[in-house]
Amino acid sequence: MTSPIRLAVVGAQGRMGARICALASSDPRFAIIAALDRDSVAPKTPAPQGESAQRASELDVIIDFSNPSGTALAIDLASSTSAALLVGTTGLDAALRERLGALATKVAVLQAANTSLGVAVLRHLVTRAAAMLPGWEIDIVEQHHSRKLDAPSGTALALADAIRAGGAAIDPERIHAVRAGDIIGEHVVQFAGPGETLRLEHVAVNRDLFVHGALRAAAWLRGRPAGAYTIAEALGLHESPAGG
Ligand code: NAD
């Protein structure tokens, strides 16, 4: 049997991070080496030191579901330990995306606004539909709980990329964000043509679906050479020539 995948989780006390820790702890494929959150990485106790530093250098994969400051920490940790990095945090600015690009020359990096299998398939379908329905009006409607920090969602932006990959255009004002209640995540891409409307929709019914995808991707990332990978690759979907 192969040794367990040694994980660090950044944002470990959050909605996503807590479920990642819970599911990974009960999965023999994984061993959680470090569970980091804001308190454990406060400015006065920044990088792991002494015994924790030694343990951190034994990491295989870092999983980050936090916020941009947590992602910055995860980048530092990946850089100093050479562990692979999976970033699920959304709302990253250009500087952080650039840092992730630079990191990908040193270690395996996968940035995914959405780690669900269904959304990975949706992106492919959206690219195909956009290519097959030239001239149709396209809208994206996304809904999330009212505590979500970024709008539009990273998934909505990825769906906009999927539309462009199909050769169609989408204006930023045609990406509509609704923030209400406890909605986990819902995305509709609507194609409206003369006399007919096509809607492609994904609904998340619980957060564990993202966790399953993230853990599957983490297992896939272990031992990969340096590079920037996509969630579609990690989930075993074939990339279409039009984009992933
Ligand atoms: P959350 O607010 O419940 O959790 C975020 C956690 O990160 C908190 O515990 C917070 O204390 C911690 N944190 C903040 N700054 C930190 C730092 N500097 N260092 C370490 N920890 C820090 O949020 P959530 O709902 O768990 O979502 C987290 C992120 O994941 C968001 O960006 C969200 O959009 C994204 N998300 C992605 C997917 C996906 O499939 N990729 C799915 C759901 C959520």
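Here, every reference points to the structure presented above.
Reading the values: rules and limits
- Residues numbered from 1 in each chain as written.
- Predicted model: local features only at pLDDT ≥ 70, side-chain atom pairs only at ≥ 80, totals over all residues.
- Heavy atoms only, no water.
- 1 Å grid on protein atoms, 1.4 Å probe; cavity = no way out; pocket = protein on both sides within 12 Å on 5 of 7 lines; lining within 4 Å.
- Points joined across faces, edges and corners; volume = space filled by probe spheres on them.
- Helix = DSSP H or I, 4+ residues; strand = E, 2+ residues; numbered from the N terminus.
- Nonpolar A, V, L, I, M, F, W, Y, C, P; charged D, E, K, R; others polar.
- Axes fitted to C-alpha atoms, helices over the stretch in contact; angles between N-to-C directions.
- Left-handed = near helix turned anticlockwise from the far one by under 90°.
- Contact = heavy atoms within 4.5 Å.
- Phe/Tyr/Trp six-rings, centres within 6.5 Å; stacked < 30°, edge-to-face > 60°.
- Buried < 20%, exposed > 50% of the residue type's maximum accessible area, 1.4 Å probe, protein only.
- Lys NZ or Arg CZ within 6 Å of the ring centre and 35° of its normal.
- Near = heavy atom within 4 Å.
- Polar contact = N/O pair within 3.5 Å; in protein donor to acceptor, adjacent residues only side chain to side chain.
- Areas by Shrake-Rupley, 256 points an atom, 1.4 Å probe, with all protein chains shown as cover.
- Sits in = over half its atoms within 2 Å of the grid points.

(A) View of the layout of surface pockets. Its boundaries defined by the atoms lining it, the largest pocket holds a volume of some 970 Å³. Lining the largest pocket are 43 residues, with Arg15, Met16, Phe65, Ser66 and Asn67 positioned closest to its centre. Only α1 (15-25), α3 (68-81), α6 (154-165) and β8 (186-193) provide two or more residues apiece to the lining of the largest pocket. Among the elements that make up the lining of the largest pocket, the one with the highest residue count is α3 (4 residues). Residue composition of the lining of the largest pocket, grouped by class: 13 nonpolar, 22 polar and 8 charged. If you add up the space inside the second largest pocket, you get close to 610 Å³. As for the second largest pocket, its lining consists of 28 residues, of which Arg97, Gln111, Ala112, Ala113 and Ala158 are closest to the centre. For the lining of the second largest pocket, the elements supplying multiple residues, two or more each, are α4 (94-103), β5 (108-111), α6, β10 (227-229) and α8 (231-234). With 5 residues, the single largest contributor to the lining of the second largest pocket is α6.

(B) Spatial organisation of the packing of helix α5 (residues 117-132) against α6. Taken N-terminus to C-terminus, the directions of α5 and α6 make an angle of 35°; their axes are 7 Å apart at the nearest point. Here the hand of the crossing between α5 and α6 comes out right-handed. In this structure, α5 uses Val119, Leu122, Arg123, Val126, Thr127 and Ala130 to contact α6, whose residues at the interface are Thr155, Ala158, Leu159, Ala162, Ile163 and Ala165. Taken together, the residues of the contact of α5 with α6 sort by class into 9 nonpolar, 2 polar and 1 charged.

(C) Just the packing of aromatic side chains, in detail. As enumerated under the stated definition, the model contains 1 aromatic pair in all. Each ring, one from Trp220 and one from Tyr229, has its centre 5.2 Å from the other, and the planes form 80°; the classification is edge-to-face. Among the residues examined, Tyr229 registers a relative accessible area of 16% and is labelled buried. The side chain of Arg224 reaches across the aromatic face of Trp220, ending 3.8 Å from its centre.

(D) A look at the site of the ligand. In the region of the ligand, 23 residues are neighbours, and Met16, Asp37, Thr90, Thr115 and Lys148 sit closest. Asp37 is positioned such that a nitrogen or oxygen atom in its side chain is 2.5 Å from an oxygen atom of the ligand. Within the side chain of Thr90, one N or O atom sits 2.7 Å away from an oxygen atom of the ligand. Bound to the protein, the ligand loses 83% of the 860 Å² it would expose on its own. Among the detected pockets, the ligand sits in the largest pocket. Broken down by secondary-structure element, the contributors of at least two residues to the shell around the ligand are α1 and α3. Of the residues that constitute the shell around the ligand, the class distribution is 7 nonpolar, 12 polar and 4 charged.

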